[in-house]
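# Fold and geometry: a report
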Amino acid sequence: MAVFQEDIHNTAYEAKYREPRLESGGLINTAGRNCESLNGRWNFAADWYDTCRRADWFKEVTTNAAGLPQPVDWDWEGWERIPVPACWNLEKPELHYFEGTGVYTRTFRYVPKEPGERLILRFEGAAYNTCVFVNGTFVGSHDGASTPFNVDITAAVKTEDFSFTENRIVVTVDARRSPLRIPMDNTDWFLYGGIYRDVYLYRLPPVFIKDWFVRLATDGGIDADVYIANAEGGKVQGTVCLKIPELGVQAEAAVQDGKASFHVKANAERWSPESPKLYEVTLGFTAADGKTRDQTHDRIGFREIAVNGTDVLLNGKKIFLKGVSVHEDHFALGKTTNEDIIRQTIRDLKEMNGYYLRLAHYPHDARFAKIADEEGVLLWEEVPVYWAVAFDNPGTYADAENQLAELVLRDRNRASVIIWSVGNENADTDSRFAFMSGLAKKAKALDPTRPVSAACLINHDELRIEDRLTSVLDIIGINEYLGWYDPDFSKLPKILANSAPGKPVVITEFGGDARTGQRGTADDLWTEDKQKALYEQQIAVIKQCSYIAGMTPWIFYDFRCPRRLNRYQEHFNRKGLIDADRVRHKGAFYVMRQFYGE
Ligand code: GCB
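Here's what I pulled together on the structure shown here. (Residues numbered from 1 in each chain as written. Predicted model: local features only at pLDDT ≥ 70, side-chain atom pairs only at ≥ 80, totals over all residues. Heavy atoms only, no water.)

### Topic: the side chain of Asp56
Tracing the sequence through the fold places Asp56 in the loop between helix 2 (51-54) and strand 3 (80-84). A polar side-chain atom of Asp56 sits 3.0 Å from a polar atom in the side chain of Lys16. In this structure the side chain of Asp56 is engaged in a polar contact, spanning 2.6 Å, whose partner is the side chain of Tyr17. Residues within four places of Asp56 in sequence aside, it is in contact with Lys16, Tyr17 and Thr51. (Helix = DSSP H or I, 4+ residues; strand = E, 2+ residues; numbered from the N terminus. Polar contact = N/O pair within 3.5 Å; in protein donor to acceptor, adjacent residues only side chain to side chain. Contact = heavy atoms within 4.5 Å.)

### Brief notes about unusual backbone geometry
Residue Tyr128 is bonded to the preceding Ala127 through a cis peptide linkage, with omega at 10°. Structurally, the position occupied by Tyr128 is in the loop between strand 6 (126-127) and strand 7 (129-134). Along the chain, Ala360 connects to His361 via a cis peptide bond; the corresponding omega equals -15°. In this structure, His361 sits in the loop between strand 24 (356-359) and helix 4 (366-375). Residue Glu60 is not a glycine yet carries a positive backbone phi of 55°. One can find Glu60 in the loop between helix 2 and strand 3. Since its relative accessible area comes to 33%, Glu60 is described here as partly exposed. Residue Asn315 is not a glycine yet carries a positive backbone phi of 50°. Positionally, Asn315 belongs in the loop between strand 21 (311-314) and strand 22 (317-318). (Buried < 20%, exposed > 50% of the residue type's maximum accessible area, 1.4 Å probe, protein only.)

### Some points on the nonpolar core
Most often, soluble globular proteins keep nonpolar side chains buried together rather than apart. In terms of nonpolar packing, the biggest core is built from 92 residues, with Val385, Phe556 and Leu577 touching the most fellow members. Residues within four places of Phe556 in sequence aside, it is in contact with Val324, Ser325, Val326, Thr345, Asp348, Leu349, Met352, Gly576, Leu577, Ile578 and Phe589. (Core = buried A, V, L, I, M, F, W, Y, C linked by side-chain atoms within 4.5 Å.)

### Some words on the pattern of salt bridges
Counted under the stated rule, the structure contains 62 salt bridges. For Arg177, the salt bridge is made with Glu99, and the minimal N-O distance between the two is 2.7 Å. With Arg177 in the loop between strand 10 (167-174) and strand 11 (194-195) and Glu99 in the loop between strand 3 and strand 4 (101-108), this residue pair connects regions lying 78 residues apart in the sequence. The class for Glu99 is partly exposed, based on a relative accessible area of 33%. As a salt-bridge pair, Asp581 and Arg584 come within 2.7 Å of each other at their nearest N and O atoms. A residue is classified by how much of its surface remains accessible, and Asp581, at 24% relative accessible area, is partly exposed. The network of salt bridges with common partners includes Glu14, Asp50, Arg53, Asp174, Arg176 and Arg181. (Salt bridge = Lys/Arg side-chain N within 4 Å of Asp/Glu carboxyl O.)

### Notes on the site of the ligand
The environment of the ligand is formed by 14 residues, the closest being Asp188, Tyr386, Glu425, Tyr485 and Lys575. At 2.8 Å from an oxygen atom of the ligand is found a side-chain nitrogen or oxygen belonging to Asn424. Within the side chain of Tyr481, an N or O atom sits 3.3 Å from an oxygen atom of the ligand. For the ligand, whose free accessible area comes to 320 Å², the fraction covered by protein is 97%. Split by residue class, the shell around the ligand holds five nonpolar, four polar and five charged. (Near = heavy atom within 4 Å. Areas by Shrake-Rupley, 256 points an atom, 1.4 Å probe, with all protein chains shown as cover. Nonpolar A, V, L, I, M, F, W, Y, C, P; charged D, E, K, R; others polar.)

Set out below in structure tokens:
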């Protein structure tokens, strides 16, 4: 009885689930590892009042202190099953706008294969706060909807009679919109909920290769840092062996403070869109006692991305970034994606004669950058520091910085990724400047090899690019909707002429809505004709401006958007060059195709 009352009166129950945090510090680079998938159909309940966490359902208490059976409000196996990964919003009509906590559960059997083996549970993405419970124990909590996290569950899994014992995982996913989160509660896209990316188990030795950063050195050789973790917490002693057979590289380095660093001579063919050359890189760790070993591998491209004056240089040559912005949103799957969809996106990009994508406005699935590496596509990757974030709130900053770290650590070995973006369209206040400068600094600390950017502001009164944040960026992104939100297109040439950015500018957004098949004149809003004319006007001006180093018009595909409510939009942002069906190309697509083909 006492417990029951505590549950209903404890409004601060969420505090129980703050620690341990599952954050970037525990992040493991999983390339080259064998894994076991926990995807499939999980039991699920929409837990509107968050009772699982209030009343500790995961403890599975079904009797009172005297051992008498008590009624409980949960029913793991009796619940319906829904797929993992999936956005719950698209699974059932009544869940379409569900923004509460979903409870997921399933069991798995675990038979250790090696003595001392560690078992790591990894989520590639769940939106937004995820709490993980294994066999009645809370093992950790993660914030952020679009980056991966791991938890070492070795101590929580059952090993007695293990070949017959089921281990139960319970996961609560809280998808509530909040002004304190990243992204905040007001966005121009649909904030889906659920475990919408893959879930895996990894088996690792007690001392293992946790992460690596292998890249082209400034002298043309190769630099590598390899990070070794000891799951038991002791000091790591041993050596790391780095091999790149095709380049004749084979080197060894001792581990010091958990890290082995290399600088080797090599003459790698440079990775580029025309020739996306990848090298097989293998990493081996041997502990000083010779007993613990670990090995993994990755396919890595070597290229240089740099900024010189107002130019962006790829492998020392000036490049114009021919791109388009893209959301992860898919009409049937939401933010859940798969290899076919990613490859189709890249085929559509190539059909438009482009080779660069702005992955807006949050980290996309990790497979995107891997496939882009193979396909020779350049990427801008971004964290969802979007619009009026709670820039004054330290907790919001910590969350944003962690998401940025998780993104950079996940993808810094991908040659395709050339720019880290720390945000989009934020008002130029002191607190925003401090917040986003902090993020830019963090990106540089984790990865000094890539330029940092953000989509910045224009001073519409003075008609020039003006945003304090540009002082800390290497490349300036500009969203300008001349000819659309501001119908007076004649301002665009004035803005460009009045600005002397001294750094490369990429037009991160321009565009206008067109409902597929809607026809009219070049003056009729919502028509393909208006959109096409707007693209023609934009291109004519942009191509004259010498400091513009590339562009990613808004946007490749129409996407779901709950704030777009007029008859042409019907809950979609219709600025796509291609319909949300990903089949019907609008007239403006062919304008871009011709320009990029020139
Ligand atoms: C913007 C935002 C983008 C919106 C777009 C629009 O400036 O960055 O997220 O979807 O405008 O369509 O208004």
